[in-house]
Amino acid sequence: MSNVKRDDDFKVVINHEEQYSLWPVSRANPRGWKDAGVAGTPEQCVAFIERVTADSSPAKLRQRIEELQG
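Here's a quick rundown of the structure. What you see is a predicted model, and the numbers here were worked out from it, not measured in a lab.

Here we come to the sheet that holds strand S1 (residues 10-15). Pairing is antiparallel in the open sheet, where three strands are placed in the order S2-S1-S3. Sheet topology places strand S2 (20-24) and strand S3 (33-40) at the edges, where each strand pairs with a single neighbour. Going from strand to strand, the sheet's axes swing by 35 degrees on average, the running direction of each strand aside. As paired strands, S1 and S2 are joined by five bridges and run antiparallel to one another. Within S2, the position partnered with Lys11 by the bridge is Trp23. Along the sheet, helix H1 (residues 42-52) contacts S1, S2 and S3; its crossing angle with S2, the most-contacted strand, is approximately 160 degrees.

In C-alpha cells form, the structure reads like this:
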C-alpha cells in the first residue's frame, strides 16, 4: 500500500479466519479477503473493528481453545 494517501477512503475487509483489516476502497481486495460492509475514514473503520471484535485471534485458534476448555 505504498501509494495510499491519508485522505483516501478505506473499507474493512475480513478473511476466512474472521480477522479484520483496513484496505483502500480504490484497490481490489487482497486474495482471500472480502468486504465486511463498512467504509470510511481509517478512524471509522478501526472503530467498527473494535466494536465487532472482542478477540482478534484466528477463528481456528478460538475454536480450539473453546474445545480444550470445555
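This brings us to the pattern of salt bridges. Counted under the stated rule, the structure contains three salt bridges. Here Lys11 ties to Asp35 by a salt bridge, and the two come within 3.3 Å at their closest N and O atoms. Placement of Lys11 in strand S1 and of Asp35 in strand S3 is noted, with a sequence separation of 24 residues between them.

Okay, the packing of aromatic side chains next. Scanning the entire structure with this criterion turns up one aromatic pair. Taking the centre distance of 6.1 Å and the plane angle of 80 degrees together, the rings of Tyr20 and Phe48 count as edge-to-face. With a gap of 28 residues between them, Tyr20 in strand S2 and Phe48 in helix H1 connect regions that are remote in the sequence. By relative accessible area, which is 26% here, Tyr20 ends up partly exposed.

Turning to the side chain of Lys11, a few remarks are in order. Accessibility expressed as a relative area gives 11% for Lys11, which makes it buried. Side-chain polar atoms of Lys11 contact the side chain of Asn29, separated by 2.6 Å. Within the structure, Lys11 has its side chain in polar contact with the side chain of Asp35 (distance 3.3 Å).

About the cut-offs
Residues numbered from 1 in each chain as written. Predicted model: local features only at pLDDT ≥ 70, side-chain atom pairs only at ≥ 80, totals over all residues. Heavy atoms only, no water. Pairing = 2+ DSSP bridges. Helix = DSSP H or I, 4+ residues; strand = E, 2+ residues; numbered from the N terminus. Axes fitted to C-alpha atoms, helices over the stretch in contact; angles between N-to-C directions. Contact = heavy atoms within 4.5 Å. Salt bridge = Lys/Arg side-chain N within 4 Å of Asp/Glu carboxyl O. Phe/Tyr/Trp six-rings, centres within 6.5 Å; stacked < 30°, edge-to-face > 60°. Buried < 20%, exposed > 50% of the residue type's maximum accessible area, 1.4 Å probe, protein only. Polar contact = N/O pair within 3.5 Å; in protein donor to acceptor, adjacent residues only side chain to side chain.

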